[in-house]
Amino acid sequence: MKKKLLSLLLVGLMGASIVACGDTGSGSTSSGNSSKSIRLVNGKIEVDSQLKKLAEMYEEETGVHVEIESMGGGIDIQGELKAYYQSDNMPDIFVCGGAADFDNWDGLLQDMSDQAWVSDTDAAYTSDDGVVGFPYTTEAVGLAYNADILSAAGVDPASITGPESMRKAFETIDSKKDELGLTAVIGYYAEPVNLYWSTGNHLFGNYLDAGLDRDDRTYIDMLSDGGKLDDARFADFADMVELFNEYADQSLLVSGTYDQQILNFASGKYAFVTQGSWIGATMTGDDANAYKEAGNFECGMIPYAFEEGIDTILTNSPSWWAVYNGGNVTEAEAFLQWMAGDEAQEVLVMEAGFISPYKSCTYVANDPFAETISEYTAAGKTSAWHWLEMTDGYSQNYTGQVFADFASGTLSKEEFISTFKQVTENAYAQ
Amino acid sequence: MNTDSKKSLSLVLLAAGCFGIISALALDITGSQFVFRGALLIIGAIAFLGGLYFYPTEKHHKTIINIIFLFPLLFCFVVTVIIPFGLGLFYSTTDWNGIRMTAFVGLSNYKAMFTEISFLWSLIITVLFVIINMIAVNVIGLALAVLCTSKIRAVGFFRAAYFIPNLIGGIVLGYLWQFVFNNVVLNWTLKLFEYNSSMLSKYNTAFFAIVLVYIWQYAGYIMMIYITGLTTVPTDVIEAASIDGATAVQTFFKIKLPMIASTITICTFLTLQSAFKQFDVNMALTNGTGSVNFMGQYLTNGTQMLALNIYNTAITKNNYALGQAKAVLFFIILSIVSIIQVRVSNKREVEM
């Protein structure tokens, strides 16, 4: 009898513990609905602390708790979000990187056309459902240069307007490499495992957009139509890549990492680097010491002028925040509206180093590239980032490797062009 | 308690249990936020099992007890293995993209998978990788085991040293070796042959690099198993051999090796299975890159093994259904290997 009692007690205990678990689990969700809390999945892990600060400010002001969940550093955010969706654990606001991402979530995103911030920016993402993407920063892709080295070598960056002047500038700098303390003229890395996005997305993005108007879709439409490339334009582009291969840092050309690339540029070992405006944050952050030793040189950006007359750099919102329409929509929209306002913009620009996509924002970041981007934007010399619309996995699984093979000399320029065409067709055949 | 009242109690419990389970499931499916639905499900299940236990029957009592005791295990197995597997089979015949499905596509995912040259390449190099590793890891592991059971000094230190790589996670290990190949080995080749690309940038050398890292990681583990095998060889047999004048080499091949035959079988299948499932080192080291010309096509996944190919298809190429179809094939291959393994080891045990 005693044993039976004991077993009954145990069963009761087990049941009670399960009931208790159920209680806490559902308790938190119910509190999530009633006591005003929203969750944001952020794709820029480097500004995690600034966003958390903003969340605190917002909670103080309105009483709404904002949970920041940052992902990055190789995590496939979309894959993670899909898992959240399957387990009914969707955040209220999450990051979307481009057309493919937005298409996936088609019908599940809140149309924010009625929000006040929409009229304050040109960078919102619009789909068939309406305005679904909230822009939070602007990034620029151009050929970044070290102004001090260029002036010491007697090269005026404004004189680089086409392939010939670019080659001449490279040759001039190359001949003075030793006295300038350079390792190589250009920090061009074509490593395929971790840097495929630099070549496959950003550099190739110049083939798609450089020199074109922001709404000119000529080359992206050709690409989307079964993976077609424009022969003449791509040949000119290949010439430029060949030039980069020739004047790059040979020991790191196909094996270097992003960190090495930025560190070497910040230390003044390269005159040019094939990265965009986001490296400013790394140069003044992680690499601040090296950058200081190199004299905190001025930076600028020139267009990738692989054809005569290309005079634009590529600027765009790199990703957007979307609001899940099954979540806490009102609170999420209110938070985004607040993020577009003056108080939040000050933190985003001055502390996170963002370049605001909002017209009403008057802050200018203390970033090496902020000035040059403002100049290009003011002069209307910017093109869009249509590479965001390329097919899924195109650079990672296809073209990144082709750039690397060209760099290592496995492919000649002719083979580079023909191989590039072949893999592009394969990528778009699927 | 007489039989009748017992029977009615058990029937009441059974009915209440069924009602509890069904209503809990119905609540969940209709999307109700009722807090106790989980508890209701558990209480229902317990009531049902209690009713089953109290049911007055002489004939089936033993079966019922067996079922009740097996229930927790079966439940876990069904929830974590059988149901996901069924769902996987189902999704492989749709156009599921991880968020929703719009249509059934029949077997076209399976068809697409075998016409995809890059997938065939992945299959081939995976098989090649498995064969090379099965031999190399076992030979090296056995050699290390022989060394570590001989009478050299500091045997304990060597055993630990060889085993430690196995304790490091595959991703960390991959990045460590990536640094070695890209920064150390590259500098040697640059100095010696003026060869500017790292070992990891060409598919053939990169494949060799993965094999190398895998052996480094796994040989120590296999060594440990062989050491256990070797130490169980009875000393009287070895003594008898040495009295008969057998040399060390003869003792090893004629006495020790046959005595540890069952260990060899275990190790062979262990390496075979784990090499098939190779993922983390592959991902961290090369992420499948490396170009190769195969069947008249330029492929960019020169070092992409099967598991990584499945992952890539689903996640980066955003084709969950096709990835699922490939995973089904992967399951079939692995289960064939496992079945053979069980058969072979059973036979051996009878012989011994």
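None of the values given here were measured: they were computed from a predicted structure. (Residues numbered from 1 in each chain as written. Chains lettered and ligands numbered in written order. Predicted model: local features only at pLDDT ≥ 70, side-chain atom pairs only at ≥ 80, totals over all residues.)

Attention now goes to the overall build of chain A. What chain A contains, in helices and strands, is 18 helices and 13 strands. Seen through its C-alpha atoms, chain A measures out along the principal axes to roughly 95 × 45 × 45 Å. (Helix = DSSP H or I, 4+ residues; strand = E, 2+ residues; numbered from the N terminus.)

This part covers the UniProt feature "transmembrane region" (unreviewed entry) in chain B. Residues and elements named next belong to chain B. As annotated by UniProt and renumbered to match this structure, "transmembrane region" (unreviewed entry) occupies residues 34–55, 67–91, 119–148, 160–180, 200–219, 257–276 and 327–344. As annotated, residues 34–55 has a helix share of 82% and a strand share of 0%, and its two end C-alpha atoms lie 32 Å apart. Regarding residues 119–148, the helix share stands at 100% and the strand share at 0%, and the terminal C-alpha atoms are separated by 41 Å. (UniProt positions renumbered as here; feature names shortened; annotations may be inferred.)

Okay, the sheet that holds strand E6 (residues 139–141) of chain A next. Backbone hydrogen bonds hold the strands of a sheet together, and the pairing may be parallel or antiparallel. Residues and elements named next belong to chain A. Taken in spatial order, the three strands of this open sheet run E6-E11-E13, and their pairing is mixed. The strands lining the two open edges of the sheet, one partner per strand, are E6 and strand E13 (382–383). Bridge count for strand E11 (residues 313–316) against E13 is two bridges, and the pairing is parallel. By the bridge assignment for E13, leucine 314 is matched with serine 383. Docked against the sheet, helix H16 (residues 370–378) engages E6, E11 and E13, running at close to 95° with respect to E11. (Pairing = 2+ DSSP bridges. Contact = placed C-beta atoms within 7 Å. Axes fitted to C-alpha atoms, helices over the stretch in contact; angles between N-to-C directions.)

Here we come to the packing of helix H8 (residues 196–209) of chain A against helix H17 (residues 394–408) of chain A. Residues and elements named next belong to chain A. With their axes 8 Å apart at the nearest point, H8 and H17 run at an angle of 90° to one another. Judged on the interaxial angle alone, H17 and H8 are roughly perpendicular. Between H8 and H17, the contacting residues are Tyr196, Trp197, Thr199, Gly200, Asn201 and Phe204 on the first element and Tyr394, Ser395, Gln396, Thr399, Gly400 and Phe403 on the second. Among the residues forming the contact of H8 with H17, the class breakdown is five nonpolar, seven polar and no charged. (Parallel < 35°, antiparallel > 145°, perpendicular 65-115°, else oblique. Nonpolar A, V, L, I, M, F, W, Y, C, P; charged D, E, K, R; others polar.)

This part takes up helix H10 (residues 231–247) of chain A. All names here are of chain A. In a regular helix each residue adds 1.5 Å, so 17 residues correspond to 24 Å; H10 covers 25 Å between its end C-alpha atoms and thus fits that length. By the burial criterion, the buried members of H10 are Phe237, Met240, Val241, Phe244, Asn245 and Tyr247. The secondary structure elements touched by the buried residues of H10 are helix H6 (163–175), strand E8 (184–187), H8 and H17. (Expected span 1.5 Å × (residues − 1). Buried ≥ 20, exposed ≤ 12 C-beta atoms within 10 Å, placed from the backbone.)

Our next topic: the interface of chain A and chain B. Facing 35 residues of chain A, the contacting portion of chain B comprises 30 residues. Of the residues contributing to the side of chain A that touches chain B, the split by class is 14 nonpolar, 16 polar and five charged.

Once that is clear, we can look at the nonpolar core. The nonpolar side chains of soluble globular proteins are, as a tendency, buried together. Grouped together as the largest cluster of nonpolar side chains are 182 residues, with contacts concentrated most on Val185, Ile186, Ala271, Phe272 and Ala322 of chain A together with Met223 of chain B. At 14 residues, helix H8 (residues 203–231) of chain B tops the list of elements feeding residues into this core. Those residues in contact with alanine 322 of chain A that lie beyond four places of it in its chain are Phe94, Cys96, Trp105, Leu109, Val132 and Gly133 of chain A. (Core = buried A, V, L, I, M, F, W, Y, C linked by C-beta atoms within 7 Å.)

Let's shift gears to the domain arrangement of chain A. Residues and elements named next belong to chain A. Domain boundaries in chain A define domain 1 (35–138 + 317–340) and domain 2 (140–315 + 374–429). The C-alpha-based centres of domain 1 and domain 2 are spaced at 30 Å. Domain 1 puts six residues into the contact, and the matching count from domain 2 is five residues. Grouping the amino acids of the side of domain 1 that touches domain 2 by side-chain chemistry returns two nonpolar, three polar and one charged. (Domains from an automatic or database assignment.)

All names here are of chain B. Under the domain assignment, chain B is made up of domain 1 (3–107) and domain 2 (111–351). On the domain 2 side, the residues contacting the ten residues of domain 1 number eight residues. Classifying every residue of the side of domain 1 that touches domain 2 by side-chain character gives four nonpolar, five polar and one charged.

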